[in-house]
Amino acid sequence: MSHSGQTTRKTAASADSQQTRLRNRKELRHAAGTVLLIVLAVLVIQRWGFNISMVRGTSMQPTLQPEQWLFVNKTVPWMGEFGQGDMVILKEPASVNRGEHPYLVKRIVATAGQRVEIADGRLYIDGKEAVEPYSDARIEDGDFGPLVVAEGTLFVMGDNRRREGSLDSRFFGSVPEGGLIGRAEWIVWPPSSMSGL
């Protein structure tokens, strides 16, 4: 075999090897770009779209149980509006500052301009007794109000109406509508509990 034939083969092998390295680098850059795009999409969706939140505590019993996972729609604050009966996620008010649970899940029982009163274990909105099929007990923490919910705020309560069952607007006041994180719409875990809220 001639020396020039070996050189030609070595040069061709070297060129193939270089092309393979360039192709591998290109594929690696493409894969890294795809991963980065996916991570950014997940962060954007979690920040402004939706997320999954775990229930801690018993303030929403009997509707929710500890360790259940909720699908939270975070588009509501900027695409729609919250309404009476919605189950919402909010930051724990600074006045509470227990630090146990940075986020709370509660139900909106009254909106701006409505009059809230609790008497004889029953909730009254604008003088009419509220129909609350989600609760299994009368309110045991005593009477409250009357109070007219301020503009731009919402009055929230836990579904657990037993004594000291829920820390809510009866104790920390109405919450600013702009401070709500989102609306809980589904129980997604465990599978046996999956249902809309």
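In case you missed it, the structure is sitting above this.
Notes on the structure follow. Predicted model only: the values in this text are computed from it and were never measured.

What counts as what
Residues numbered from 1 in each chain as written. Predicted model: local features only at pLDDT ≥ 70, side-chain atom pairs only at ≥ 80, totals over all residues. Heavy atoms only, no water. Salt bridge = Lys/Arg side-chain N within 4 Å of Asp/Glu carboxyl O. Helix = DSSP H or I, 4+ residues; strand = E, 2+ residues; numbered from the N terminus. Buried < 20%, exposed > 50% of the residue type's maximum accessible area, 1.4 Å probe, protein only. Pairing = 2+ DSSP bridges. Phe/Tyr/Trp six-rings, centres within 6.5 Å; stacked < 30°, edge-to-face > 60°. Lys NZ or Arg CZ within 6 Å of the ring centre and 35° of its normal. Contact = heavy atoms within 4.5 Å.

On to the pattern of salt bridges, then. Following the criterion strictly, the structure yields 12 salt bridges and no others. Between Arg138 and Asp120 there is a salt bridge, with the nearest N and O atoms lying 3.8 Å from each other. Here the residue Arg138 occupies a position in the loop between β7 (128-129) and β8 (144-148), and Asp120 occupies one in the loop between β5 (115-119) and β6 (122-125), the gap between them amounting to 18 residues. For Arg138, a relative accessible area of 43% gives the class partly exposed. Here Asp120 falls in the exposed class, since its relative accessible area comes to 54%. Overlapping salt bridges, with partners in common, bring together Asp120, Arg122, Glu129 and Arg138 in one network.

A separate point is the sheet that holds β7. The strands making up a sheet associate through hydrogen bonds between their backbones, and the pairing can be parallel or antiparallel. What the four strands build is an open sheet, ordered β7-β6-β5-β8; its pairing is antiparallel. Each of the sheet's edge strands pairs with one partner strand only, and the pair in question is β7 and β8. Here β5 pairs with β6 via four bridges, running antiparallel. Its bridge partner being in β6, Glu117 is matched across the sheet by Tyr124.

Before going further, it helps to spend a moment on the pairing of strand β9 (residues 153-157). Among the five residues of β9, five are classified as buried, and the element is accordingly described as predominantly covered. Going residue by residue along β9, you find Thr153, Phe155 and Met157 tucked away on one face and Leu154 and Val156 tucked away on the opposite face as well. Sheet analysis places strand β4 (residues 103-110) next to β9, joined by three bridges and oriented antiparallel. Following the sheet pairing, Ala110 is matched in β9 by Phe155.

Here we take up the pairing of β6. Of the two faces of β6, the one holding Leu123 and Ile125 is buried and the one holding Arg122 and Tyr124 is not buried anywhere. In sequence, β5 turns back onto β6 through a hairpin of two residues, with Asp120 there showing a positive phi of about 55 degrees. Two elements, β6 and β7, share two bridges in a ladder whose sense is antiparallel. Within the sheet, the bridge partner assigned to Tyr124 lies in β7 and is Glu129. Counted between consecutive antiparallel strands, the loop separating β6 from β7 contains two residues, among which Asp126 sits at a positive phi close to 55 degrees.

Enumeration according to the criterion identifies two aromatic pairs in this entry. A centroid spacing of 5.9 Å and a plane angle of 35 degrees characterise the contact between Trp69 and Trp189, whose relative ring orientation is tilted. With Trp69 in strand β2 (residues 69-73) and Trp189 in strand β11 (residues 180-189), this residue pair connects regions lying 120 residues apart in the sequence. You can call Trp189 partly exposed: its relative accessible area is 44%. When the ring of Phe144 is compared with that of Phe155, the centres are 5.4 Å apart and the planes differ by 50 degrees; the resulting orientation is tilted. Of this pair, Phe144 sits in strand β8 while Phe155 sits in strand β9, and the two are 11 residues apart along the sequence. Each member of the pair, Phe144 together with Phe155, is buried. Arg107 extends its terminal NZ or CZ atom over the ring of Tyr134, reaching a point 3.7 Å from the ring centre.

Once that is clear, we can look at the side chain of Ser59. Among the structural elements, Ser59 can be located in the loop between β1 (50-54) and β2. A relative accessible area of 16% means that Ser59 is categorised as buried. Those residues in contact with Ser59 that sit more than four places away from it in its chain are Val105, Lys106, Gly158, Asp159, Asn160, Gly165 and Ser166.

Turning our attention to the environment of Ala119. The topology assignment puts Ala119 in strand β5. Exposure remark for Ala119: the relative accessible area of 23% places this residue in the partly exposed category. Each residue touching Ala119, except ones within four places of it in the same chain, is listed here: Tyr124 and Asp143.

Geometric values such as these leave the question of function open.
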